[in-house]
Amino acid sequence: MEIDVVLPCLNEEAALPWVLGRMPPGFRPIVVDNGSTDGSAEVAAGLGARVVAEPRPGFGAACHAGLMAATADVVCFMDADASLDPGQLPRVAGQVLAGEADLVLGRRILRPGASWPVHARLGNAVLARKLRRRTGADLHDLGPMRACLRAGLLRLGLADRRFGYPLEMVLRAGAAGWRIAEVEVDYLARAGRSKVTGTARGTLRAISDMRRVMADESGTR
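Residues numbered from 1 in each chain as written. Predicted model: local features only at pLDDT ≥ 70, side-chain atom pairs only at ≥ 80, totals over all residues. Heavy atoms only, no water.

(A) Geometry of empty space enclosed by the protein. The tally for this structure, following the rule as stated, stands at one cavity of 30 Å³ or more. Approximately 70 Å³ is the volume found for the largest cavity. When residues of the lining of the largest cavity are traced back to their parent elements, those giving at least two are strand 1 (3–9), helix 3 (59–69) and helix 7 (165–175). A per-element tally of the lining of the largest cavity places helix 7 first, with three residues. Of the residues assigned to the lining of the largest cavity, the class counts are ten nonpolar, no polar and two charged. (1 Å grid on protein atoms, 1.4 Å probe; cavity = no way out; pocket = protein on both sides within 12 Å on 5 of 7 lines; lining within 4 Å. Points joined across faces, edges and corners; volume = space filled by probe spheres on them. Helix = DSSP H or I, 4+ residues; strand = E, 2+ residues; numbered from the N terminus. Nonpolar A, V, L, I, M, F, W, Y, C, P; charged D, E, K, R; others polar.)

Next comes the structure, spelled out in structure tokens:
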């Protein structure tokens, strides 16, 4: 079975050769260029990836554009900055392929050289605790590497187009009664600075987006 892998991309020219070079057989990369000003799109296309342009800024906008471009029954999402190893995608997609889970998140395990600021880890832990209460799933990380069924995800009707997209996915999946699981994946040294935790502005925007999504889902679910 072929699986589509959505890779939101904003100026990841340096990371893409490593990321795309480690894509396992059967996993088809869809690089969603979200307004890059470097040569990301050209590099991705030259390495054989399908490239989708999403001019609307926002992590969720890029993820949704990739989802709409996907055609495989199972779709994965992961960052394109080399902080996650595509070679571990089968580990994340395995339970979905086996029919044992509807959504699987990769729980990041910090490896030498990786940058995961303390404030980001603490915020992630607090968020994971709230998700455990809301969904009943034994989650410890809002993992950016994940796998699910494409048709089911489309039915969830995710609306956020910014940093709240990954959180909204888990909240709506839990509300829909999905079986949500977690597996460990390595968290590595990324190429370049994080778009979220690497700047104060990015961190504040992510916090604001996630608070909004949490509040919106509390009021409607």
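(B) Layout of the packing of aromatic side chains. Inspection of every chain in the model, using the stated rule, returns one aromatic pair. On the basis of an interplanar angle of 55° and a centroid distance of 6.4 Å, the ring pair of phenylalanine 77 and tyrosine 165 is categorised as tilted. One end of the pair, phenylalanine 77, is in strand 4 (residues 74–77); the other, tyrosine 165, is in helix 7, with 88 residues separating them in the sequence. Look at tyrosine 165 and you get buried, because its relative accessible area is 1%. (Phe/Tyr/Trp six-rings, centres within 6.5 Å; stacked < 30°, edge-to-face > 60°. Buried < 20%, exposed > 50% of the residue type's maximum accessible area, 1.4 Å probe, protein only.)

(C) Representation of the side chain of threonine 135 within the structure. Tracing the backbone shows threonine 135 in helix 5 (residues 118–135). Side-chain polar atoms of threonine 135 contact the backbone oxygen of leucine 131, separated by 2.7 Å. Here alanine 137 takes part through its backbone nitrogen, which lies 3.1 Å from a polar atom of the side chain of threonine 135. (Polar contact = N/O pair within 3.5 Å; in protein donor to acceptor, adjacent residues only side chain to side chain.)

(D) Structural context of the environment of arginine 172. Among the structural elements, arginine 172 can be located in helix 7. By relative accessible area, which is 13% here, arginine 172 ends up buried. For the pair arginine 172 and glutamate 217, spaced 45 residues apart in sequence, the C-alpha to C-alpha distance is 7.8 Å.

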